[in-house]
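# Fold and geometry: a report
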Amino acid sequence: MASWITHRVQATTIGNVEGTREQMAAVNELERDFTISAEKLREVAEAIKVEMMKGLEKDNQTVPMVPSFVPGRLTGKETGSFLALDLGGTNLRVCQVNLLGDGKFTLRQEKFTVSEPLRTGPAQKLFDYLAECVDTYLTNYSSEDPQMPHATKLGFTFSFAVNQTAINRGTLLYWTKGFNCSGMDGKDIVGMLQDALLRKNVSVEVVALVNDTVGTLIAQSYREPDTVLGVILGTGTNGAYYEKVSNIKKLSGGNYSPGELMAVNTEWGAFDMERHVLPVTPYDNKLDRKSVNPRSQTYEKMISGMYLGEIVRNAVLHLVDCNLLFEAHSSVDLNRLWSFDSSYMSTIEADATPDLAHTQHVLESILNVPKTTLTDRRIVKKIVELVGTRAARLAAAGLVAVVEHCDALEEGCSVGIDGSLFQHYPSFRERIVAALHELVGDNADRIKLIEAADGSGIGAAMIACLASVKK
Ligand code: BGC
């Protein structure tokens with residue numbers, strides 16, 4: 001490898017990255033790989049719309065378009081206390097929502113973690129743990145505030161692709177986000193949770209099975225009636241919107257009135273598993289091969305928090321192997337699969353110190369890379385920005401696809417978005433907005449992006465209310 005002195009002699013600059021000609025050529029190539037043009041974005045949005053139509057038509061399509069059986073919106077007049085159990089990623093939440101009847105509600109929630117063995121072991125163990133968390137929550141809640149009404153109806157936010165056949169019935173289609181529990185085949189998910197609650201003598205009735213996007217959509221429409229889309233940009237990604245039941249061609253039977261709406265969970269994370277449209281890089285492919293679900297969730301793997309750090313890690317290691325970073329030294333930690341947490345990307349993107357001290361901390365103190373130069377750190381920051389920007393731009397294509405599918409662009413609409421990427425990743429929102437402008441010009445101003453924090457839990461409790469009324 002050329003010495004550092006040689007590097008300095010041949011120094012070249014791209015943006016704020018300065019390095020040797022070889023380093024700059026490599027950065028240039030990464031920039032080409034990860035940059036998505038406005039034309040490509042439009043192609044992605046159009047292709048998502050086509051896949052949505054196919055999914056509405058028939059079962060077993062790439063983008064599943066799962067009917068939620070959630071009938072329309074709440075009126076705001078509903079009252080009562082409802083529970084929600086929200087399982088979607090590493091965190092699990094139990095919450096109680098008290099609907100006050102005047103469009104307002106109160107929320108109390110508690111977080112639990114789901115360990116890796118639970119995420120990949122036998123399903124019954126996972127469900128027993130879920131029941132235990134509900135039990136713990138109820139015990140803590142009633143001792144904290146004995147006056148609070150005791151809620152007995154629960155909405156179960158199960159944030160994975162399911163084949164839903166009723167508001168309280170469904171079977172798993174496939175696991176995502178690193179979950180891979182055995183023993184789910186053909187079993188009703190609500191039944192599994194209900195049995196686990198019974199085993200623990202917890203007297204709670206599971207009345208609804210809810211995807212987190214559907215929960216977010218319902219909760220956000222309660223606040224902003226012009227909401228057309230609920231989105232998650234977190235560990236995984238997905239969107240749900242209101243569809244005319246008459247357009248859900250695969251939904252046979254049922255007693256629906258003309259023009260009736262139903263929330264549909266798109267499961268857009270599955271888009272383009274055929275890889276016809278998305279510009280997948282070798283760094284994405286490397287990740288895909290090591291994931292628990294290879295050759296699936298292509299769109300999700302380019303967008304969501306579970307995967308972004310791993311893409312960065314793959315690109316960084318490529319440069320290390322080409323003798324272009326860290327004087328060709330990696331570390332045990334950097335070599336470990338999934339070790340580059342996406343939260344490190346947030347830290348690096350937000351790093352405005354002149355010597356990139358926070359980036360240095362991530363690389364040298366957390367990932368134990370022996371030594372980094374300022375040039376190394378600038379290159380890593382550049383890679384992080386490229387991967388983060390690509391994710392936000394691709395997410396924008398999904399938003400536009402659904403908003404255009406709903407014909408909501410002219411009139412304008414709200415989109416409720418929950419998830420750690422949207423909430424905490426620096427510039428994620430701004431990058432989405434920039435891409436929206438490239439996609440739909442000034443009409444982008446008519447798409448209001450609203451942070452719908454905790455929407456999935458709140459929405460599930462609200463859907464539990466709808467389901468109880470319907471009974
Ligand atoms: C799941 C969706 C979920 C999304 C966001 C995806 O991996 O398939 O059901 O809505 O993650 O949590």
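I will try to describe carefully the structure that is included in this document. For clarity, every value in this text was computed on a predicted model and none was experimentally measured. (Residues numbered from 1 in each chain as written. Predicted model: local features only at pLDDT ≥ 70, side-chain atom pairs only at ≥ 80, totals over all residues. Heavy atoms only, no water.)

## Focus: the overall build of the protein
Formally: A helix here means a DSSP run of H or I that spans at least four residues, while a strand means a run of E at least two residues long, and both kinds are numbered starting from the N terminus. Between the two quantities, the radius of gyration covers C-alpha atoms and the globule rule is 2.2 Å times the number of residues to the power 0.38. For each residue, the accessible area found with a 1.4 Å probe, counting protein chains only, is set against the maximum for its type, and the residue is called buried under 20%, exposed over 50%, and partly exposed in between. Whether two residues are in contact is decided by their heavy atoms: any pair within 4.5 Å suffices. The method behind every accessible area is Shrake-Rupley, applied with a 1.4 Å probe, and residues are considered shielded solely by the protein chains displayed. When charges are tallied, Lys and Arg are placed among the positive residues and Asp and Glu among the negative ones, while His and the ends of the chain are skipped. Lysine's charge is taken at NZ, arginine's at CZ, aspartate's at CG and glutamate's at CD.
Looking only at helices and strands, one finds 17 helices and 15 strands in the protein. Its C-alpha atoms give the protein a radius of gyration of 23 Å, near enough to 23 Å, the size a compact globule of 471 residues would have. Dimensions of the protein along its principal axes, counting C-alpha atoms only, are 75 × 50 × 40 Å. The buried share of the protein, reckoned over its 471 residues, is 58%. At a minimum sequence separation of 6, the contacts of the protein that also span at least 24 residues come to 70%. Only carbon and sulfur atoms are counted for the fraction: they give 50% of the accessible area of the protein, which is about 18900 Å². One finds the centroid of the 47 positive side-chain charges in the protein at a distance of 2 Å from the centroid of its 58 negative side-chain charges.

## Quick word on the pairing of strand β14 (residues 413-418)
The following threshold applies: The pairing criterion is simple: DSSP has to find at least two bridges between the two strands.
Of all six residues making up β14, six are buried, and the element is well covered by its neighbours. Taken together, the five bridges between strand β11 (residues 227-233) and β14 define a ladder with parallel strand orientation. From the neighbouring strand, Leu-229 faces β14, where its bridge partner is Val-415. As paired elements, β14 and strand β15 (residues 447-451) share five bridges and run parallel to each other. Pairing of Gly-416 across the sheet is with Ile-450, part of β15.

## Considering unusual backbone geometry
Most peptide bonds take the trans configuration, and most residues that are not glycine carry a negative phi. A positive phi angle, close to 65°, is found at Phe-69, a residue other than glycine. Accessibility expressed as a relative area gives 15% for Phe-69, which makes it buried. For Arg-275, which is not a glycine, the phi torsion comes out positive at approximately 60°.

## Notes on the site of the ligand
For clarity, the threshold we go by: Any residue with a heavy atom lying within 4 Å of a molecule or strand is counted as near it. Definition of a polar contact: a pair of N or O atoms within 3.5 Å, with one able to donate and the other able to accept a hydrogen when the atoms are protein atoms, and with sequence-neighbouring residues admitted only if both atoms are side-chain atoms. Gly counts as polar in this scheme, as do all residues outside two lists: the nonpolar Ala, Val, Leu, Ile, Met, Phe, Trp, Tyr, Cys and Pro, and the charged Asp, Glu, Lys and Arg.
Neighbouring the ligand are 15 residues, the closest being Thr-176, Asn-211, Asp-212, Glu-267 and Glu-300. Note that an oxygen atom of the ligand is positioned 3.3 Å from one of the backbone N or O atoms of Phe-160. In isolation the ligand offers 310 Å² of accessible surface; the protein chains occlude 98% of this area. When residues of the shell around the ligand are traced back to their parent elements, those giving at least two are α7 (212-223) and β12 (237-244). In the shell around the ligand, the residues fall into three nonpolar, eight polar and four charged.

## Some points on the pairing of strand β8 (residues 161-166)
Each regular strand shows side chains that alternate between the opposite faces of the sheet. Pairing between β8 and strand β9 (residues 169-174): five bridges, direction antiparallel. Note on β9: the bridge partner recorded for Val-162 is Leu-172. Taking the residues that link successive antiparallel strands as the turn, the β8-β9 hairpin has two residues.

## So, the pattern of salt bridges
This is how it is decided: We count a salt bridge whenever a side-chain nitrogen from Lys or Arg sits within 4 Å of a carboxyl oxygen from Asp or Glu.
Applying the stated rule across the entire model yields 21 salt bridges. Two residues, Arg-42 and Glu-46, come together in a salt bridge whose shortest N-O distance is 2.7 Å. Residue Arg-42 and its partner Glu-46 are both found in helix α3 (residues 38-57); the two are separated by four residues, about one turn of the helix. Its relative accessible area of 23% is what places Arg-42 among the partly exposed residues.

## A word on the sheet that holds strand β10 (residues 205-210)
What counts is decided by this rule: Geometry is summarised by axes, namely lines fitted to C-alpha atoms with helices restricted to the contacting stretch, and by angles between N-to-C directions that run from 0 to 180 degrees.
With mixed pairing, the five strands of this open sheet are ordered in space as β6-β5-β4-β7-β10. Looking at strand neighbours, the two that pair on one side only are β6 (105-113) and β10, the edges of this open sheet. Each strand axis lies, on average, 20° off the axis of its neighbour in the sheet, ignoring direction. Relative to β6, strand β5 (residues 91-100) runs antiparallel, the two sharing nine bridges. Note that in β6 the partner of Arg-93 across the bridge is Lys-111.

## Things to note about the environment of Tyr-241
As for its placement among the helices and strands, Tyr-241 is situated in strand β12. Placed 161 residues apart in sequence, Tyr-241 and Val-402 show a C-alpha to C-alpha distance of 7.6 Å.

## Description of the environment of Leu-198
Within the secondary structure layout, Leu-198 lies in helix α6 (residues 189-199). Accessibility expressed as a relative area gives 55% for Leu-198, which makes it exposed.

## Describing helix α16 (residues 428-440)
Heads up, the rule is: Each residue after the first adds 1.5 Å to the expected span of a helix. Read the arc as the range of directions from the helix axis to the C-beta atoms.
Taking 1.5 Å per residue as the helical rise, α16 with its 13 residues ought to reach 18 Å, and the 18 Å between its terminal C-alpha atoms agrees with that figure. For α16, the set of buried residues is Phe-428, Arg-431, Ile-432, Ala-435, Leu-436, Leu-439 and Val-440. Looking straight down α16, one finds its buried side chains confined to an arc of 145°; they lie on one side. Looking at the buried positions of α16, the neighbouring elements they touch are α3, β11, α12 (342-349), α14 (374-405), α15 (420-424) and β15.

## A short note on the nonpolar core
Threshold: Take the buried Ala, Val, Leu, Ile, Met, Phe, Trp, Tyr and Cys residues and link them wherever side-chain atoms come within 4.5 Å; each set so joined is a nonpolar core.
Grouped together as the largest cluster of nonpolar side chains are 119 residues, with contacts concentrated most on Leu-233, Leu-399 and Ile-432. No other element matches the 17 residues that α14 contributes to this core. Membership of the second largest hydrophobic core comes to 40 residues, among which are Leu-87, Phe-160, Ala-196 and Val-202.

## So, the packing of helix α10 (residues 305-321) against α14
Rule in force here: An angle below 35 degrees is treated as roughly parallel, one above 145 as roughly antiparallel, one from 65 to 115 as roughly perpendicular, and anything else as oblique. For any pair of crossing helices, the crossing counts as left-handed if the nearer helix is rotated counterclockwise from the farther one by less than a right angle, and right-handed if it is rotated clockwise.
It is at 10 Å that the axes of α10 and α14 come closest, and there the two elements cross at 140°. As the angle between them shows, α10 and α14 are arranged oblique. Regarding α10 and α14, the two cross each other, and that crossing is right-handed. Every residue of α14 that contacts α10 at Leu-308, Ile-311, Val-312, Ala-315, Val-316 and Leu-319 is listed here: Ile-379, Val-380, Ile-383, Val-384, Val-387, Arg-390 and Ala-391. By residue class, the composition of the contact of α10 with α14 is 12 nonpolar, no polar and one charged.

## Points about the packing of aromatic side chains
Which entries qualify depends on this criterion: Only rings of Phe, Tyr and Trp enter the pairing, Trp through its six-membered ring, and a pair is recorded when the two centres are within 6.5 Å. The plane angle decides the type: under 30 degrees is stacked, over 60 is edge-to-face, the rest tilted. Both a distance and an angle decide whether a charge sits over a ring: NZ of Lys or CZ of Arg must be within 6 Å of the ring centre and within 35 degrees of the ring normal.
A complete count under the given rule lists 15 aromatic pairs for this structure. Note on Phe-340 and Tyr-344: the rings are 5.8 Å apart at their centroids and 70° apart in plane angle, and the pair reads as edge-to-face. Take Phe-340: its relative accessible area is 2%, and that puts it in the buried class. Judged by centre distance (5.7 Å) and plane angle (75°), the rings of Tyr-425 and Phe-428 are edge-to-face. Across the pair, Phe-428 and Tyr-425 agree in class, each one buried. Among the aromatic residues, those joined into a ring-pair cluster are Phe-127, Phe-156, Phe-158, Phe-160, Trp-175 and Phe-179. Taking NZ or CZ as reference, Lys-177 lies 4.7 Å from the ring centre of Phe-160, over its face.

This is a description of form; function is not addressed.
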